[in-house]
Amino acid sequence: MRVSIRDTDALRAVSPMALSAYARNEGWAKTDDYGEHSDVYTADGWPEVIIPRTQRLGDYAEVVSRLIDIFAGTAETDELTLYRDLVTADRDVIRVRAAESDDGTVPVDDGLGMMQGMRDMLMAAACSLKEPRPFYHRAGSNQEASEFLRRVRLGQTEQGSFAITLLTPAIAPPMQPAHDELGQPVFDLGLPIPDPIERQVTRRLAHALDKARHATERTAGGDPDAFFNVVEDGVSANLCSALGILVKSFAVLDIGLVWARTYPVQPRRARDVVSFAQGDAAILQQAAQSLRQRSERGSRPDARLFGFVRRLRRDQQETDGTVTLRAHIDNQVRSVIAELSQTDYERAIGAHKGKAAVIAEGDLERIGQRWHLLNPRISQVIPSEDVDENG
C-alpha cells in the first residue's frame, strides 16, 4: 500500500538544506536559479526538480510533498522511508540497536538504561574534545558539553529490532571561499576551517568507540593497560561506564553513526557501525572502575608548580596555545602539558625568551603516561637572575 505524507508540520520539518543535500548526493546538480527563493536541479534520466532555499514560502509544505514523491520514485522506496532520510539529512544520527529484538520491544528498564547510556556516552565524547581525562568527576559542569547536549534531539523509534536514535543539531554545509573572475579565492588566508562543534563531537565519539572496542579485545587477550593507553583518544571511565550500561542486557548491540548529507565526511561514506557483545560489559565496567581509580590517585586539584617553559605550540588561527613545562613533581623534574589562554600564553612566550621560571597553577592530572595541568594559569614569572634552574 502506498502511503503519502500530508501532515503540514511534518513536511515543514524538512529543511531546505536537507533537500538540496539529498539531491546533490543522489546525482542532481544545480543548473539555474528559479525566481528569488529557489533553484533548479537536473540529473540525467530523472525529472527536473525545483528546490526552495527558504521555508518562508507559503506553499513550502506542498513543494516538499512533491519532492518526496519524486525522490521516492527515483530511489524506488516508499515515501515514509524517504521522509525519514530527508528529515535527518542535515544532522548526524547516533543509532543504538539491540540486534536480537525481533518484535521491536525491550523490557522498560532496559529501554530506559539505553537512553541513559546513550546520553552519558555522548556527554563523555563532548567532554573529551578539549581535555581528555581518565575520569570526569563533574561531567555536567562542562559548559560546552552541557550546551551541546541540550540541543540534541531524541529521534523516532524504528520498526523491527529495537533502536533508539539521537539527532545532533543541524549541520550547515561547509563554507567555501568566494572566487574572482580568474578563479582565484577571495579572502583565502590558507587556514583550515575547523569542523562545526556538532561534527567534532560525533567524530570524537566515532573515534573513541572504535578505540574502546579494540581496547576491550586487547584486554580480553591479556593486555592490562589497553584502556589507559587510549585515554587521549577520548576513552574515559565515563564512556566505558555508559557502554557497560548499554550492552549488559543485550547479546549484541550495534552503535551506528549516520553522517549528515549536508556535511559529507572524507573519505565519503554514509555510516560507521561499532558492535559490542554482552560479554564485553564486565570488561567495560572494570575499565571504568580502573580509570576512575587511577584518575583519583593521579589527580591533584589546585596544584602549584614551579618550572620552565620548554616548548610552545599555537595554531595560526588560534589565540590560545599549548606549552610544555619542565616542573618539579614529587621532587622529580617532569614534563607537564598545559593549554593556556591568550594572555597566559603571551606570558609564557616572554618567560621562554628570557629564560625565566614560572609559577603555574591549576588541576594537575596524569593522563596516560603524561602529566597535564587543567584549567591552568600563569600566576608569576620569576626573572632568570632570581632563580637557579637546577634549584
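Reading the values: the criteria
Residues numbered from 1 in each chain as written. Predicted model: local features only at pLDDT ≥ 70, side-chain atom pairs only at ≥ 80, totals over all residues. Heavy atoms only, no water. Buried < 20%, exposed > 50% of the residue type's maximum accessible area, 1.4 Å probe, protein only. Helix = DSSP H or I, 4+ residues; strand = E, 2+ residues; numbered from the N terminus. Expected span 1.5 Å × (residues − 1). Pairing = 2+ DSSP bridges. Axes fitted to C-alpha atoms, helices over the stretch in contact; angles between N-to-C directions. Contact = heavy atoms within 4.5 Å. Parallel < 35°, antiparallel > 145°, perpendicular 65-115°, else oblique. Nonpolar A, V, L, I, M, F, W, Y, C, P; charged D, E, K, R; others polar. Salt bridge = Lys/Arg side-chain N within 4 Å of Asp/Glu carboxyl O. Phe/Tyr/Trp six-rings, centres within 6.5 Å; stacked < 30°, edge-to-face > 60°. Core = buried A, V, L, I, M, F, W, Y, C linked by side-chain atoms within 4.5 Å. 1 Å grid on protein atoms, 1.4 Å probe; cavity = no way out; pocket = protein on both sides within 12 Å on 5 of 7 lines; lining within 4 Å. Points joined across faces, edges and corners; volume = space filled by probe spheres on them.

**Q** A description of helix α8 (residues 237-247) should follow, citing residues and the corresponding values.
**A** Burial runs high along α8: nine of the 11 residues are buried. For α8, the complete set of buried residues consists of Ala-237, Asn-238, Leu-239, Cys-240, Ala-242, Leu-243, Gly-244, Leu-246 and Val-247.

**Q** Give me helix α7 (residues 197-220): which residues, what numbers.
**A** Over its 24 residues, α7 extends 34 Å from the first C-alpha to the last, a length consistent with the 34 Å expected when each residue adds 1.5 Å. Following α7 by one or two positions, Gly-222 has its phi on the positive side, about 105 degrees.

**Q** Give me the lowdown on the sheet that holds strand β1 (residues 29-34), citing residues and values where you can.
**A** The strands making up a sheet are joined through hydrogen bonds of the backbone, oriented either antiparallel or parallel. The antiparallel open sheet is built from three strands, whose spatial order is β1-β2-β3. On the outer flanks of this sheet lie β1 and β3 (46-52), each paired with one strand and no other. Strand-to-strand twist of the sheet, defined as the mean angle between neighbouring strand axes without regard to direction, takes the value 25 degrees. Across the face of the sheet, helix α2 (residues 16-25) comes into contact with β2 (38-43) and β3 while running at roughly 155 degrees to β3.

**Q** Go over the packing of α2 against helix α4 (residues 79-87), please, and point to the residues and values.
**A** α4 packs onto α2 with a crossing angle of 110 degrees between their chain directions and a minimal axis gap of 9 Å. Comparing the axis directions of α2 and α4 gives the class roughly perpendicular. Residue-level inspection shows Ala-18, Leu-19 and Tyr-22 of α2 in contact with α4, the latter providing Leu-82, Asp-85 and Leu-86. When the residues that make up the contact of α2 with α4 are grouped by side-chain class, the tally is five nonpolar, no polar and one charged.

**Q** An account of the pattern of salt bridges is needed here, citing residue identities and associated values.
**A** Under the definition given, this model contains 21 salt bridges. Of the charged contacts, one joins Arg-213 and Glu-217 as a salt bridge, the two residues approaching to 3.4 Å between their closest N and O atoms. Placement of both Arg-213 and Glu-217 in helix α7 is noted, with a separation of four residues, approximately one turn of the helix. Residue classification places Arg-213 among the partly exposed positions, given a relative accessible area of 23%. The partly exposed category is assigned to Glu-217, whose relative accessible area is 47%.

**Q** How would you sum up unusual backbone geometry? Please name residues and give values.
**A** What is expected of a backbone is that most residues other than glycine have negative phi and most peptide bonds are trans. In this structure, Lys-355 is a non-glycine residue whose phi angle is positive, near 55 degrees. As for its position among the elements, Lys-355 is in the loop between α10 (342-353) and β12 (357-367). On the basis of relative accessibility, which here comes to 67%, the residue Lys-355 falls in the exposed class. A positive phi angle, close to 50 degrees, is found at Asn-375, a residue other than glycine.

**Q** Explain the packing of aromatic side chains residue by residue, including any values.
**A** Within the structure shown, the criterion is met by four aromatic pairs. Through successive ring pairs, a cluster of aromatic residues spans Tyr-22, Trp-28, Trp-46 and Phe-71.

**Q** Kindly report on the nonpolar core, identifying the contributing residues and their values.
**A** Taken as a class, soluble globular proteins show a tendency for nonpolar side chains to be buried jointly. Membership of the largest hydrophobic core comes to 57 residues, with the highest contact counts inside it found for Met-121, Leu-243 and Leu-246. In terms of residue count, helix α5 (residues 108-127) provides more of this core than any other element does, nine residues in total. The next biggest cluster of nonpolar side chains, apart from the first, holds 26 residues, and it includes Ile-5, Ala-23, Trp-28 and Tyr-41.

**Q** Let's hear about the layout of surface pockets: which residues, and what values?
**A** Quantified by volume, the largest pocket comes out at close to 1800 Å³. Every residue lining the largest pocket is counted, 49 residues in all, and those nearest its centre are Leu-129, Lys-130, Glu-131, Pro-132 and Glu-339. Residue assignment for the lining of the largest pocket shows that the elements contributing at least two residues are α5, α6 (143-150), α7, β9 (299-313), β10 (321-329), β11 (332-340), β12 and β13 (370-382). Top element by residues in the lining of the largest pocket is β13. It accounts for six residues. The class makeup of the residues in the lining of the largest pocket is 18 nonpolar, 11 polar and 20 charged.

**Q** Hey, could you go over the packing of helix α3 (residues 60-75) against α4 for me, with residue numbers and the actual values?
**A** Relative to each other, α3 and α4 sit at 110 degrees, their axes nearing to 9 Å. By the angle between their axes, α3 is roughly perpendicular relative to α4. Of the residues in α4, those touching α3 at Ile-68, Asp-69, Phe-71 and Ala-72 are Glu-79, Leu-82, Tyr-83 and Leu-86. Within the contact of α3 with α4, the residues separate by chemical class into six nonpolar, no polar and two charged.

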